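Listed here are the chains, written in short residue letters.
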Amino acid sequence: MKKLLNIEYMKVKNYRTFWVILIIYAALVPLTFWGISEIPFPFLPSKSEIFGFPTVWNYITWTASWWNVLLGVLVVVMVCNDIDFKTQRQNIIDGLSRSQVIMGKFYMLIVMALAVTLYTFLIGTIMGLIFSSPSEIFSGIEYIAIYFVQTIGYFSFAFFFAVLVKKPALSIILFVVIIMLDGLLGIGIPPTALQFVPTITISDLTPFPFFQEILEMGKKADPNFKEPFILSQSLRSLLAIIYISTFVFVGYLSLKRRDL
């Protein structure tokens, strides 16, 4: 694994786009997170509640999840570059098996997801320690693990998409459009069915904070309000893992059988 990761690192070591996108992501997450507290919405809690334990974990993962699309674009670029510039073929010529070449890319994506999750954890920890007592630091921390699964989900979908389309510019445009258009699907698809769409299932792993409280407000405002069927977090996570496994498996088979 170490050898394969080192090979993947050498590919991006001097790739400016890779580092620029990571730096942009690293800047946008805390800026967006802080900006949430400045939104003049009446239902939003105070800064101490947003940034304090335990609610900070839900807020920071929900905020960071918006920028996973940017990281997905980076994955698309990395995979398409390998295909476009025949890097994988050169790796095989240099002595690696086809399976090793593909697994090396998977290992790199997992390491990236771990790094992003750790960064999100650090932001949440720093904010939580500033705005609240550390006594509740572990309450709600499961959102960090869920965010890791979500990040792997975006990466696996980006990998799957890049393998199918192969062309960098077209892959990026279509990937972003598909992710962005998910919200418009609600116009013609019932919410109970919409939550089973793969990209939406993955996106919903980090729910909007206090979503349940908003439902309760709807019940109080309208006596005839009917609460929609919503997947539990455990079922949604299980379904997301199934989708992730499918993306990875199909992408792996596609690269395994393709003429590199």
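Residues numbered from 1 in each chain as written. Predicted model: local features only at pLDDT ≥ 70, side-chain atom pairs only at ≥ 80, totals over all residues. Heavy atoms only, no water.

### Considering the nonpolar core
Working step 1: The biggest cluster of nonpolar side chains holds 64 residues, and the ones touching the most others in it are F33, W57, V75, M112, F159 and F175.
Working step 2: Take this core: its biggest share by element is 14 residues, from helix α8 (residues 142–165).
Working step 3: Apart from residues no more than four positions distant in its own chain, V75 is found in contact with L109, M112, F155, A158 and F159. (Core = buried A, V, L, I, M, F, W, Y, C linked by side-chain atoms within 4.5 Å. Buried < 20%, exposed > 50% of the residue type's maximum accessible area, 1.4 Å probe, protein only. Helix = DSSP H or I, 4+ residues; strand = E, 2+ residues; numbered from the N terminus. Contact = heavy atoms within 4.5 Å.)

### Let's talk about the pattern of salt bridges
Working step 1: In total, this model carries four salt bridges according to the counting rule given.
Working step 2: A salt bridge links D82 to K105; the nearest nitrogen and oxygen atoms lie 2.9 Å apart. Linking D82 in helix α5 (residues 68–84) with K105 in helix α7 (residues 98–131), this pair joins segments that are 23 residues apart in sequence. You'll find D82 and K105 in the same group, each marked buried. (Salt bridge = Lys/Arg side-chain N within 4 Å of Asp/Glu carboxyl O.)

### With respect to a nonpolar patch on the surface
Working step 1: Nonpolar side chains collect at one region of the surface, where Y9, M10, W19 and I23 lie side by side and expose about 410 Å² of accessible area between them.
Working step 2: Within the residue set of the nonpolar patch, elements represented by two or more residues are α1 (2–12) and α2 (16–36).
Working step 3: Among the secondary structure elements, W19 is positioned in helix α2.
Working step 4: Classification of W19 as partly exposed rests on a relative accessible area of 35%. (Patch = residues over 30% accessible without salt bridge, like charges linked within 9 Å, V, L, I, M, F, W, Y side chains within 5 Å. Areas by Shrake-Rupley, 256 points an atom, 1.4 Å probe, with all protein chains shown as cover.)

### Details of the packing of α5 against α7
Working step 1: Between α5 and α7, whose axes approach to 12 Å, the crossing angle comes to 160°. Between α5 and α7, the crossing angle belongs to the class labelled roughly antiparallel. For α5 against α7, the interelement crossing comes out right-handed. On the side of α5, the interface is formed by L71, L74, V75, M78, V79 and D82, while α7 contributes K105, M108, L109, M112 and V116.
Working step 2: Partitioned by chemical class, the residues of the contact of α5 with α7 number nine nonpolar, no polar and two charged. (Axes fitted to C-alpha atoms, helices over the stretch in contact; angles between N-to-C directions. Parallel < 35°, antiparallel > 145°, perpendicular 65-115°, else oblique. Left-handed = near helix turned anticlockwise from the far one by under 90°. Nonpolar A, V, L, I, M, F, W, Y, C, P; charged D, E, K, R; others polar.)

### Thoughts on the packing of α8 against helix α13 (residues 233–257)
Working step 1: Two elements in contact, α8 and α13, have axes whose closest approach is 9 Å; the angle formed by their N-to-C orientations is 30°. The orientation of α8 relative to α13 falls into the category roughly parallel. By crossing handedness, the relation of α8 to α13 is classed as left-handed. Side by side, α8 and α13 meet where Y143, I146, V149, I152, G153, S156, F157, F159, F160 and V163 of the first sit next to Q233, I241, I244, F247, V248, V250, G251, Y252, S254 and L255 of the second.
Working step 2: Taken together, the residues that form the contact of α8 with α13 break down as 15 nonpolar, five polar and no charged.

### Digging into the side chain of S156
Working step 1: Looking at where S156 falls in the secondary structure, it is placed in helix α8.
Working step 2: By relative accessible area, S156 is classed as buried at 4%.
Working step 3: Contact partners of S156, with chain neighbours within four places excluded, come to I244, F247 and V248.

### Notes on the packing of aromatic side chains
Working step 1: For the structure on display, the rule yields 16 aromatic pairs.
Working step 2: For the pair W34 and F131, a centre-to-centre distance of 6.3 Å together with 50° between the ring planes defines the contact as tilted. Here W34 is found in helix α2, whereas its partner F131 is found in helix α7, with 97 residues between them in sequence.
Working step 3: In this structure W34 comes out as partly exposed when scored by relative accessible area, which is 35%.
Working step 4: A connected cluster of aromatic rings, assembled from ring pairs, spans F157, F160, F161, F175 and F247. (Phe/Tyr/Trp six-rings, centres within 6.5 Å; stacked < 30°, edge-to-face > 60°.)

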